[in-house]
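Given next are the chains, with one letter for each unit.
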Amino acid sequence: MNQALHLTGLTESELVEFVESLGEPAYRGRQIFASLHARRLRSFDEMTDLPKNFREKLNELATASTLKVEERYLSSDGTRRYLMKTRDNLPVETVFIPEERRDTICFSSQSGCPLQCDFCLTARLGLLRTLMAGEIVEQIIVALNDAYGVGERTPRGTNLVAVGAGEPFLAFEPLMKALKIMADPKGLHIVPNRVTVSTAGVVPKIIELARIPERPHLAISLAAPTDELRDQLMPINKRWPLDELLTACKEFEKSLRPGERFTFEYVMLDGVNDSEEQARQLANLLNRHDLRAKVNLIPHNPAEPLPYRPTPPERVERFKSILESKGVHAFVRRPRGRDIYAACGQLAARRTTNLNEQLLHKIA
Ligand code: SF4
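Please read these numbers as outputs of a predicted model, since none were measured by experiment.

Caption draft 1: The arrangement of the site of the ligand in detail. Cys113, Leu115, Cys117, Cys120, Ala123, Gly166 and Ala200 make up every residue found near the ligand. Its residues assigned to classes, the shell around the ligand shows 6 nonpolar, 1 polar and no charged.

What follows is the structure in C-alpha coordinates.
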(Lines give C-alpha, C1' and ligand atoms only; values in the text may rest on other atoms or scores of the structure.)
Protein backbone atom coordinates (compact mmCIF):
# COMPACT_ATOMS: atom_id res chain seq x y z
CA MET A 1 0.00 0.00 0.00
CA ASN A 2 1.18 3.55 -0.78
CA GLN A 3 2.44 4.79 2.59
CA ALA A 4 2.21 8.56 1.95
CA LEU A 5 0.87 10.17 5.11
CA HIS A 6 -2.87 10.76 4.82
CA LEU A 7 -3.35 14.27 6.15
CA THR A 8 -7.16 14.00 6.36
CA GLY A 9 -6.64 11.66 9.31
CA LEU A 10 -4.75 14.25 11.39
CA THR A 11 -6.17 16.69 13.92
CA GLU A 12 -5.33 20.35 13.45
CA SER A 13 -2.61 20.23 16.10
CA GLU A 14 -1.06 17.14 14.48
CA LEU A 15 -1.04 18.98 11.15
CA VAL A 16 0.71 21.91 12.79
CA GLU A 17 3.36 19.52 14.15
CA PHE A 18 3.70 17.94 10.72
CA VAL A 19 4.33 21.22 8.89
CA GLU A 20 6.71 22.40 11.61
CA SER A 21 8.70 19.18 11.14
CA LEU A 22 9.11 20.33 7.52
CA GLY A 23 10.39 23.72 8.67
CA GLU A 24 7.14 25.54 7.81
CA PRO A 25 5.30 27.95 10.11
CA ALA A 26 2.41 26.66 12.24
CA TYR A 27 -0.24 28.62 10.33
CA ARG A 28 0.40 26.46 7.25
CA GLY A 29 -0.89 23.49 9.23
CA ARG A 30 -4.04 25.40 10.12
CA GLN A 31 -4.46 26.38 6.47
CA ILE A 32 -4.22 22.77 5.36
CA PHE A 33 -6.73 21.67 8.02
CA ALA A 34 -9.25 24.29 6.83
CA SER A 35 -8.66 23.33 3.19
CA LEU A 36 -9.26 19.65 3.88
CA HIS A 37 -12.23 19.92 6.22
CA ALA A 38 -13.95 23.31 5.77
CA ARG A 39 -13.29 23.72 2.03
CA ARG A 40 -13.41 19.92 1.59
CA LEU A 41 -10.58 19.90 -0.98
CA ARG A 42 -9.19 16.51 -1.87
CA SER A 43 -5.87 17.44 -3.48
CA PHE A 44 -2.99 19.74 -2.55
CA ASP A 45 -2.98 21.19 -6.09
CA GLU A 46 -6.35 22.82 -5.35
CA MET A 47 -4.93 24.56 -2.27
CA THR A 48 -3.72 27.56 -4.23
CA ASP A 49 -3.29 29.63 -1.06
CA LEU A 50 -0.21 27.47 -0.35
CA PRO A 51 3.08 28.31 -2.10
CA LYS A 52 3.67 26.12 -5.16
CA ASN A 53 6.94 24.67 -3.88
CA PHE A 54 5.27 23.71 -0.59
CA ARG A 55 2.44 21.99 -2.49
CA GLU A 56 5.06 20.06 -4.45
CA LYS A 57 6.72 19.01 -1.21
CA LEU A 58 3.35 17.90 0.18
CA ASN A 59 2.67 15.84 -2.95
CA GLU A 60 5.96 14.02 -2.41
CA LEU A 61 5.41 13.22 1.27
CA ALA A 62 1.69 13.03 1.85
CA THR A 63 -1.75 12.72 0.36
CA ALA A 64 -4.99 14.63 0.85
CA SER A 65 -7.26 11.78 -0.26
CA THR A 66 -7.04 8.04 -0.50
CA LEU A 67 -10.52 6.86 -1.40
CA LYS A 68 -11.44 6.52 -5.03
CA VAL A 69 -15.14 6.61 -5.92
CA GLU A 70 -15.74 3.69 -8.27
CA GLU A 71 -19.52 3.82 -8.51
CA ARG A 72 -22.31 6.12 -7.38
CA TYR A 73 -25.93 5.04 -7.37
CA LEU A 74 -29.00 7.20 -6.93
CA SER A 75 -32.14 5.62 -5.52
CA SER A 76 -35.67 6.52 -6.56
CA ASP A 77 -36.07 7.93 -3.01
CA GLY A 78 -33.04 10.24 -3.34
CA THR A 79 -30.65 8.06 -1.33
CA ARG A 80 -27.15 7.85 -2.78
CA ARG A 81 -24.75 4.95 -2.38
CA TYR A 82 -21.03 5.27 -3.01
CA LEU A 83 -18.82 2.30 -3.66
CA MET A 84 -15.24 3.39 -3.09
CA LYS A 85 -11.86 1.70 -3.03
CA THR A 86 -9.05 2.23 -0.55
CA ARG A 87 -5.40 2.62 -1.58
CA ASP A 88 -5.03 -1.14 -1.13
CA ASN A 89 -8.08 -1.73 -3.33
CA LEU A 90 -10.61 -2.73 -0.67
CA PRO A 91 -14.28 -1.78 -0.88
CA VAL A 92 -15.73 0.99 1.30
CA GLU A 93 -19.38 1.92 1.13
CA THR A 94 -21.13 5.07 2.23
CA VAL A 95 -24.77 6.07 1.96
CA PHE A 96 -26.18 9.60 1.85
CA ILE A 97 -29.83 9.84 2.89
CA PRO A 98 -31.56 13.19 2.32
CA GLU A 99 -34.23 13.93 4.89
CA GLU A 100 -36.55 16.84 5.47
CA ARG A 101 -34.94 18.15 8.62
CA ARG A 102 -31.37 16.87 8.40
CA ASP A 103 -29.42 14.69 6.03
CA THR A 104 -27.94 11.47 7.31
CA ILE A 105 -24.69 9.94 6.17
CA CYS A 106 -24.23 6.27 6.96
CA PHE A 107 -20.52 5.46 6.95
CA SER A 108 -18.45 2.31 7.24
CA SER A 109 -15.88 1.63 9.92
CA GLN A 110 -14.40 -1.49 8.34
CA SER A 111 -14.06 -2.93 4.87
CA GLY A 112 -16.21 -6.06 5.22
CA CYS A 113 -16.96 -7.24 8.77
CA PRO A 114 -15.65 -10.04 10.97
CA LEU A 115 -18.95 -10.61 12.76
CA GLN A 116 -21.26 -13.07 11.19
CA CYS A 117 -24.75 -11.73 11.62
CA ASP A 118 -26.81 -14.17 9.63
CA PHE A 119 -29.16 -11.55 8.16
CA CYS A 120 -26.42 -9.24 6.87
CA LEU A 121 -24.85 -9.30 3.45
CA THR A 122 -21.69 -7.52 4.61
CA ALA A 123 -20.94 -10.52 6.82
CA ARG A 124 -20.41 -12.58 3.68
CA LEU A 125 -17.33 -10.50 2.84
CA GLY A 126 -15.60 -11.34 6.13
CA LEU A 127 -13.17 -8.75 7.52
CA LEU A 128 -10.98 -7.22 4.86
CA ARG A 129 -9.49 -4.43 7.01
CA THR A 130 -10.39 -1.91 9.70
CA LEU A 131 -10.48 1.59 8.28
CA MET A 132 -8.21 4.38 9.44
CA ALA A 133 -9.46 7.69 10.84
CA GLY A 134 -8.75 9.53 7.60
CA GLU A 135 -10.69 6.96 5.60
CA ILE A 136 -13.69 7.46 7.86
CA VAL A 137 -13.55 11.27 7.58
CA GLU A 138 -13.04 11.12 3.84
CA GLN A 139 -16.30 9.20 3.35
CA ILE A 140 -18.20 12.15 4.81
CA ILE A 141 -16.30 14.66 2.65
CA VAL A 142 -17.00 12.65 -0.51
CA ALA A 143 -20.73 12.38 0.26
CA LEU A 144 -21.14 16.09 1.16
CA ASN A 145 -19.20 17.25 -1.91
CA ASP A 146 -21.28 15.03 -4.15
CA ALA A 147 -24.60 16.11 -2.64
CA TYR A 148 -23.87 19.85 -2.39
CA GLY A 149 -20.74 20.67 -4.37
CA VAL A 150 -17.14 20.97 -3.20
CA GLY A 151 -16.99 23.00 -0.01
CA GLU A 152 -20.58 24.26 -0.38
CA ARG A 153 -22.55 24.84 2.79
CA THR A 154 -24.93 22.06 3.72
CA PRO A 155 -28.42 23.54 3.94
CA ARG A 156 -29.82 21.24 6.61
CA GLY A 157 -27.00 20.01 8.81
CA THR A 158 -25.76 16.47 8.91
CA ASN A 159 -26.29 13.48 11.17
CA LEU A 160 -23.84 10.62 10.98
CA VAL A 161 -24.58 6.99 11.71
CA ALA A 162 -21.93 4.30 11.96
CA VAL A 163 -24.16 1.56 10.57
CA GLY A 164 -22.42 0.92 7.28
CA ALA A 165 -20.07 -2.00 6.84
CA GLY A 166 -18.19 -3.21 9.90
CA GLU A 167 -18.51 -3.28 13.67
CA PRO A 168 -17.59 0.25 14.79
CA PHE A 169 -16.45 -0.88 18.23
CA LEU A 170 -13.80 -3.05 16.57
CA ALA A 171 -12.57 0.20 14.98
CA PHE A 172 -12.82 2.10 18.26
CA GLU A 173 -9.62 4.15 18.13
CA PRO A 174 -9.78 5.30 14.50
CA LEU A 175 -13.49 5.98 14.94
CA MET A 176 -12.97 8.17 18.02
CA LYS A 177 -10.18 10.02 16.28
CA ALA A 178 -12.34 10.58 13.19
CA LEU A 179 -15.12 11.95 15.42
CA LYS A 180 -12.66 14.33 17.05
CA ILE A 181 -11.45 15.60 13.67
CA MET A 182 -15.01 16.02 12.36
CA ALA A 183 -16.16 17.86 15.48
CA ASP A 184 -13.63 20.69 14.98
CA PRO A 185 -15.54 23.96 14.38
CA LYS A 186 -12.80 25.01 11.95
CA GLY A 187 -13.55 21.96 9.81
CA LEU A 188 -16.66 19.87 9.17
CA HIS A 189 -18.04 20.82 12.60
CA ILE A 190 -20.18 17.71 13.02
CA VAL A 191 -20.25 17.25 16.78
CA PRO A 192 -20.53 13.83 18.51
CA ASN A 193 -24.05 14.72 19.57
CA ARG A 194 -24.95 14.40 15.86
CA VAL A 195 -23.42 10.95 15.57
CA THR A 196 -24.88 7.55 16.42
CA VAL A 197 -22.70 4.48 16.70
CA SER A 198 -24.41 1.14 16.29
CA THR A 199 -22.84 -1.97 17.78
CA ALA A 200 -23.68 -5.65 17.57
CA GLY A 201 -22.81 -5.75 21.28
CA VAL A 202 -19.10 -5.43 22.06
CA VAL A 203 -19.67 -5.10 25.81
CA PRO A 204 -16.30 -3.68 27.01
CA LYS A 205 -16.52 -0.85 24.47
CA ILE A 206 -20.06 0.07 25.60
CA ILE A 207 -18.60 0.69 29.05
CA GLU A 208 -15.62 2.55 27.59
CA LEU A 209 -17.86 4.78 25.48
CA ALA A 210 -19.93 5.70 28.54
CA ARG A 211 -16.80 7.22 30.11
CA ILE A 212 -16.06 9.57 27.21
CA PRO A 213 -17.44 13.03 28.01
CA GLU A 214 -18.03 14.14 24.40
CA ARG A 215 -19.41 10.87 23.14
CA PRO A 216 -21.73 9.91 20.29
CA HIS A 217 -25.13 8.31 20.85
CA LEU A 218 -25.35 4.56 21.12
CA ALA A 219 -27.52 2.06 19.27
CA ILE A 220 -27.46 -1.68 19.83
CA SER A 221 -28.52 -4.25 17.31
CA LEU A 222 -30.59 -6.83 19.17
CA ALA A 223 -32.44 -8.93 16.54
CA ALA A 224 -33.71 -11.50 19.05
CA PRO A 225 -35.35 -11.57 22.48
CA THR A 226 -33.69 -14.81 23.66
CA ASP A 227 -30.11 -16.08 23.80
CA GLU A 228 -31.07 -19.19 21.91
CA LEU A 229 -32.25 -17.26 18.86
CA ARG A 230 -29.65 -14.50 19.14
CA ASP A 231 -26.86 -17.09 19.20
CA GLN A 232 -28.06 -18.19 15.77
CA LEU A 233 -28.68 -14.75 14.26
CA MET A 234 -25.76 -12.87 15.82
CA PRO A 235 -22.96 -15.21 16.89
CA ILE A 236 -21.36 -12.40 18.92
CA ASN A 237 -24.06 -13.29 21.45
CA LYS A 238 -22.11 -16.42 22.39
CA ARG A 239 -19.29 -14.12 23.57
CA TRP A 240 -21.51 -11.51 25.26
CA PRO A 241 -24.99 -12.93 25.90
CA LEU A 242 -28.10 -10.81 26.37
CA ASP A 243 -27.90 -10.53 30.14
CA GLU A 244 -24.32 -9.26 30.01
CA LEU A 245 -25.16 -6.92 27.13
CA LEU A 246 -28.16 -5.40 28.88
CA THR A 247 -26.26 -5.06 32.14
CA ALA A 248 -23.67 -3.02 30.21
CA CYS A 249 -26.51 -0.96 28.74
CA LYS A 250 -27.78 -0.28 32.25
CA GLU A 251 -24.31 0.95 33.14
CA PHE A 252 -24.24 3.09 30.00
CA GLU A 253 -27.59 4.55 31.01
CA LYS A 254 -25.84 6.45 33.81
CA SER A 255 -24.07 8.52 31.13
CA LEU A 256 -27.27 9.53 29.31
CA ARG A 257 -27.99 13.23 29.14
CA PRO A 258 -31.46 14.58 29.98
CA GLY A 259 -33.89 13.52 27.27
CA GLU A 260 -31.36 11.16 25.67
CA ARG A 261 -32.29 7.52 25.15
CA PHE A 262 -30.31 4.84 23.54
CA THR A 263 -31.73 2.76 20.79
CA PHE A 264 -32.16 -0.92 20.22
CA GLU A 265 -32.32 -1.89 16.58
CA TYR A 266 -34.51 -4.91 15.93
CA VAL A 267 -34.36 -6.25 12.38
CA MET A 268 -37.64 -8.02 11.64
CA LEU A 269 -37.33 -11.35 9.86
CA ASP A 270 -40.51 -12.97 8.63
CA GLY A 271 -41.40 -16.01 10.75
CA VAL A 272 -38.09 -15.90 12.65
CA ASN A 273 -38.21 -13.20 15.34
CA ASP A 274 -41.52 -11.41 14.77
CA SER A 275 -44.24 -13.37 16.63
CA GLU A 276 -46.52 -11.92 19.29
CA GLU A 277 -44.81 -14.13 21.86
CA GLN A 278 -41.41 -12.73 20.82
CA ALA A 279 -42.75 -9.18 21.14
CA ARG A 280 -43.78 -9.97 24.73
CA GLN A 281 -40.40 -11.61 25.42
CA LEU A 282 -38.60 -8.53 24.08
CA ALA A 283 -40.68 -6.12 26.18
CA ASN A 284 -40.18 -8.27 29.28
CA LEU A 285 -36.43 -8.44 28.67
CA LEU A 286 -36.09 -4.65 28.42
CA ASN A 287 -38.44 -4.04 31.33
CA ARG A 288 -36.57 -6.55 33.50
CA HIS A 289 -33.43 -4.47 32.99
CA ASP A 290 -35.43 -1.27 33.48
CA LEU A 291 -33.82 0.46 30.49
CA ARG A 292 -34.51 4.00 29.25
CA ALA A 293 -34.40 2.92 25.65
CA LYS A 294 -36.42 2.96 22.48
CA VAL A 295 -36.73 0.16 19.97
CA ASN A 296 -36.41 0.78 16.22
CA LEU A 297 -38.15 -1.97 14.30
CA ILE A 298 -36.42 -2.44 10.96
CA PRO A 299 -38.14 -4.62 8.39
CA HIS A 300 -35.39 -6.79 6.92
CA ASN A 301 -33.98 -5.58 3.62
CA PRO A 302 -34.03 -8.60 1.35
CA ALA A 303 -30.74 -9.39 -0.33
CA GLU A 304 -29.92 -12.52 -2.24
CA PRO A 305 -28.53 -14.98 -1.17
CA LEU A 306 -29.73 -14.28 2.38
CA PRO A 307 -32.49 -16.72 3.31
CA TYR A 308 -34.76 -14.15 5.01
CA ARG A 309 -37.84 -12.16 4.04
CA PRO A 310 -39.11 -8.93 5.62
CA THR A 311 -41.95 -9.17 8.13
CA PRO A 312 -45.24 -8.03 6.52
CA PRO A 313 -46.28 -4.49 7.58
CA GLU A 314 -49.36 -5.63 9.59
CA ARG A 315 -47.22 -7.92 11.72
CA VAL A 316 -44.65 -5.15 12.26
CA GLU A 317 -47.50 -2.94 13.53
CA ARG A 318 -48.81 -5.72 15.78
CA PHE A 319 -45.30 -6.25 17.20
CA LYS A 320 -44.98 -2.53 17.82
CA SER A 321 -48.33 -2.27 19.59
CA ILE A 322 -47.45 -5.17 21.91
CA LEU A 323 -44.18 -3.43 22.85
CA GLU A 324 -46.03 -0.17 23.48
CA SER A 325 -48.73 -1.88 25.54
CA LYS A 326 -45.91 -2.96 27.84
CA GLY A 327 -44.46 0.53 28.11
CA VAL A 328 -41.61 0.16 25.57
CA HIS A 329 -41.23 3.04 23.09
CA ALA A 330 -41.12 1.58 19.60
CA PHE A 331 -40.78 3.05 16.12
CA VAL A 332 -40.83 1.53 12.66
CA ARG A 333 -37.89 2.55 10.49
CA ARG A 334 -38.79 3.26 6.87
CA PRO A 335 -36.31 1.48 4.61
CA ARG A 336 -34.27 3.81 2.38
CA GLY A 337 -32.36 3.03 -0.78
CA ARG A 338 -33.37 -0.64 -0.98
CA ASP A 339 -33.41 -0.49 -4.79
CA ILE A 340 -29.71 0.40 -4.93
CA TYR A 341 -28.60 -2.02 -2.21
CA ALA A 342 -28.00 0.87 0.16
CA ALA A 343 -30.29 -0.23 2.99
CA CYS A 344 -29.22 -1.70 6.33
CA GLY A 345 -27.52 -5.05 6.01
CA GLN A 346 -27.24 -4.78 2.24
CA LEU A 347 -23.77 -3.29 1.89
CA ALA A 348 -21.54 -5.82 0.23
CA ALA A 349 -19.83 -3.95 -2.56
CA ARG A 350 -22.64 -4.86 -4.97
CA ARG A 351 -22.53 -3.51 -8.45
CA THR A 352 -25.53 -3.09 -10.72
CA THR A 353 -25.84 -6.54 -12.19
CA ASN A 354 -28.83 -7.91 -10.32
CA LEU A 355 -30.62 -4.63 -9.68
CA ASN A 356 -33.75 -3.33 -11.32
CA GLU A 357 -32.47 -0.98 -14.00
CA GLN A 358 -35.76 0.95 -13.99
CA LEU A 359 -35.07 2.10 -10.47
CA LEU A 360 -31.37 2.53 -10.75
CA HIS A 361 -29.63 5.61 -12.07
CA LYS A 362 -25.91 5.31 -12.09
CA ILE A 363 -24.63 8.85 -11.86
CA ALA A 364 -20.90 8.32 -11.96
S1 SF4 B 1 -24.94 -6.45 10.95
FE2 SF4 B 1 -23.18 -5.08 11.30
S3 SF4 B 1 -21.94 -6.20 12.82
FE4 SF4 B 1 -23.33 -7.71 11.91
S5 SF4 B 1 -22.17 -8.61 10.23
FE6 SF4 B 1 -23.37 -6.91 9.38
S7 SF4 B 1 -21.96 -5.18 9.41
FE8 SF4 B 1 -21.12 -6.72 10.80
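Continuing now.
Caption draft 2: View of the packing of aromatic side chains. All chains considered together, the criterion is met by 5 aromatic pairs. Judged by centre distance (5.7 Å) and plane angle (65 degrees), the rings of Phe169 and Phe172 are edge-to-face. Pair check on accessibility: Phe169 and Phe172 agree, each one buried. With centroids separated by 5.4 Å and ring planes inclined at 75 degrees, the aromatic side chains of Phe262 and Phe264 adopt a geometry described as edge-to-face. Summarising the burial analysis for this pair, Phe262 and Phe264 share the class buried. What links up through ring pairs into an aromatic cluster is the set Phe252, Phe262 and Phe264. Here Lys205 stacks its cationic end above the ring of Phe172, 4.8 Å away from the centre of that ring. Between Lys294 and the ring centre of Phe331, over which it is positioned, the NZ or CZ distance is 5.6 Å.

Caption draft 3: Region of the structure containing the packing of helix α6 (residues 203-210) against helix α9 (residues 242-253). The N-to-C vectors of α6 and α9 enclose an angle of 0 degrees; their axes lie 9 Å apart at closest approach. In this view, α6 runs roughly parallel relative to α9, as classed from their interaxial angle. Across the interface between the two elements, Val203, Ile206, Ile207, Leu209 and Ala210 of α6 pack against Glu244, Leu245, Ala248, Glu251 and Phe252 of α9. Its residues placed into classes, the contact of α6 with α9 shows 8 nonpolar, no polar and 2 charged.

Caption draft 4: Focus on the packing of helix α1 (residues 12-21) against helix α2 (residues 26-37). Axis separation between α1 and α2 bottoms out at 7 Å; the angle between their running directions is 130 degrees. For the element pair α1 / α2, the angle class is oblique. Between α1 and α2 lies a crossing of right-handed hand. Within the contact between the two elements, α1 uses Glu12, Leu15, Val16, Val19 and Glu20 and α2 uses Ala26, Arg28, Gly29, Arg30, Ile32, Phe33 and Leu36. Classifying every residue of the contact of α1 with α2 gives 7 nonpolar, 1 polar and 4 charged.

Parameters and conventions
Residues numbered from 1 in each chain as written. Predicted model: local features only at pLDDT ≥ 70, side-chain atom pairs only at ≥ 80, totals over all residues. Heavy atoms only, no water. Near = heavy atom within 4 Å. Nonpolar A, V, L, I, M, F, W, Y, C, P; charged D, E, K, R; others polar. Phe/Tyr/Trp six-rings, centres within 6.5 Å; stacked < 30°, edge-to-face > 60°. Buried < 20%, exposed > 50% of the residue type's maximum accessible area, 1.4 Å probe, protein only. Lys NZ or Arg CZ within 6 Å of the ring centre and 35° of its normal. Axes fitted to C-alpha atoms, helices over the stretch in contact; angles between N-to-C directions. Helix = DSSP H or I, 4+ residues; strand = E, 2+ residues; numbered from the N terminus. Parallel < 35°, antiparallel > 145°, perpendicular 65-115°, else oblique. Contact = heavy atoms within 4.5 Å. Left-handed = near helix turned anticlockwise from the far one by under 90°.

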